[in-house]
Amino acid sequence: RELDGRKENALKARIKQAGFPELTTLENFDWSFNAKINEAKLRELSGLHFLEGNEIALFLGPPGVGKTHCALAIGHLATRAGHRVFWTSAKRLSRQIIAAKARDSLDQFFKKILAAKLWIIDDWGVITMERDVAEEVFDLLDRRKYSSALILPSNRAVSEWGQVFPDVVLANSTVDRMFEHAHYVAFEGDSYRLKGRIKTRDVDMDKE
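Scoring rules and cut-offs
Residues numbered from 1 in each chain as written. Predicted model: local features only at pLDDT ≥ 70, side-chain atom pairs only at ≥ 80, totals over all residues. Heavy atoms only, no water. Axes fitted to C-alpha atoms, helices over the stretch in contact; angles between N-to-C directions. Helix = DSSP H or I, 4+ residues; strand = E, 2+ residues; numbered from the N terminus. Parallel < 35°, antiparallel > 145°, perpendicular 65-115°, else oblique. Contact = heavy atoms within 4.5 Å. Buried < 20%, exposed > 50% of the residue type's maximum accessible area, 1.4 Å probe, protein only. Pairing = 2+ DSSP bridges. Salt bridge = Lys/Arg side-chain N within 4 Å of Asp/Glu carboxyl O.

Overview of the packing of helix H4 (residues 90-102) against helix H5 (residues 106-114)
Here comes step 1: Axis separation between H4 and H5 bottoms out at 8 Å; the angle between their running directions is 140°. As judged from the angle between their axes, H4 and H5 are oblique. Here H4 contributes Leu93, Gln96, Ile97, Ala100 and Lys101 to the contact with H5, which in turn contributes Leu106, Phe109, Phe110 and Ile113.

Now the structure itself:
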């Protein structure tokens, strides 16, 4: 019982350190709602073998189709397997880098991220980064390939990723690094977030 208690406490600590906004599972994901989503590929990634080679999984598709849900589910599995995980969003990462530089603690912040075996950077491509932040992100992603795997959910097409960085050369170099040993999962279909609203509106329209 003491050993089980220690394992449970260690798991709770890893989940807290990861910073997940919520806990999700692949089991409670509605695969039937968007049948084009590659369940087999996501199940393969949930086996966590891509962590061994510090590989990247790209979850690309429109908002609301389940990219974040699946990314968090795999992140949760990684914590249960004993791995450290770091979750953030692109916007939050930019703010964290700016704050760390202001405190002169960027090295410590990067050490924390690099200590995680899996990173999840949500909403990639939503914001355009300032040049000084973009350069730090480039450095971070370059160092990642020696220690950490990455899941990158994005609403933007890859062709638009260059807009994230103010410099074309920096953008191309960063994108090149993201596609090294990358697993690609396309998320297609309707938005889960709008599902309830759409049904409600259909009912309201029927009453009219």
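Concerning the pairing of strand E1 (residues 56-60)
Here comes step 1: Most of E1 is tucked away: five of the five residues are buried.
Here comes step 2: Both faces of E1 are covered, namely the face carrying Ile56, Leu58 and Leu60 and the face carrying Ala57 and Phe59.
Here comes step 3: Inspection of the sheet shows E1 paired to strand E4 (residues 149-154) by five bridges, in the parallel sense. Among the inter-strand pairings, leucine 60 is bridged to a residue of E4, identified as serine 154.
Here comes step 4: Pairing between E1 and strand E5 (residues 182-186): five bridges, direction parallel. Paired with leucine 60 across the bridge in E5 is alanine 186.

Structural notes on unusual backbone geometry
Here comes step 1: One non-glycine residue, aspartate 104, adopts positive backbone phi at about 60°.
Here comes step 2: Take aspartate 104: it is sitting in the loop between H4 and H5.
Here comes step 3: The class for aspartate 104 is exposed, based on a relative accessible area of 67%.
Here comes step 4: Positive phi, close to 55°, is recorded for aspartate 123, a residue that is not glycine.
Here comes step 5: For aspartate 123, the position within the fold is in the loop between strand E3 (118-122) and helix H6 (131-144).
Here comes step 6: Of the residues examined, aspartate 123 reaches a relative accessible area of 33% and is grouped as partly exposed.

What about the pattern of salt bridges?
Here comes step 1: Evaluation of the coordinates by the stated rule reveals eight salt bridges.
Here comes step 2: With a closest N to O distance of 3.3 Å, glutamate 39 and arginine 43 form a salt bridge. With a gap of four residues between them, glutamate 39 and arginine 43 both fall in helix H2 (residues 39-46), about one helical turn apart.
Here comes step 3: Connected through salt bridges with shared partners, the residues Glu27, Glu39 and Arg43 form a single ionic network.

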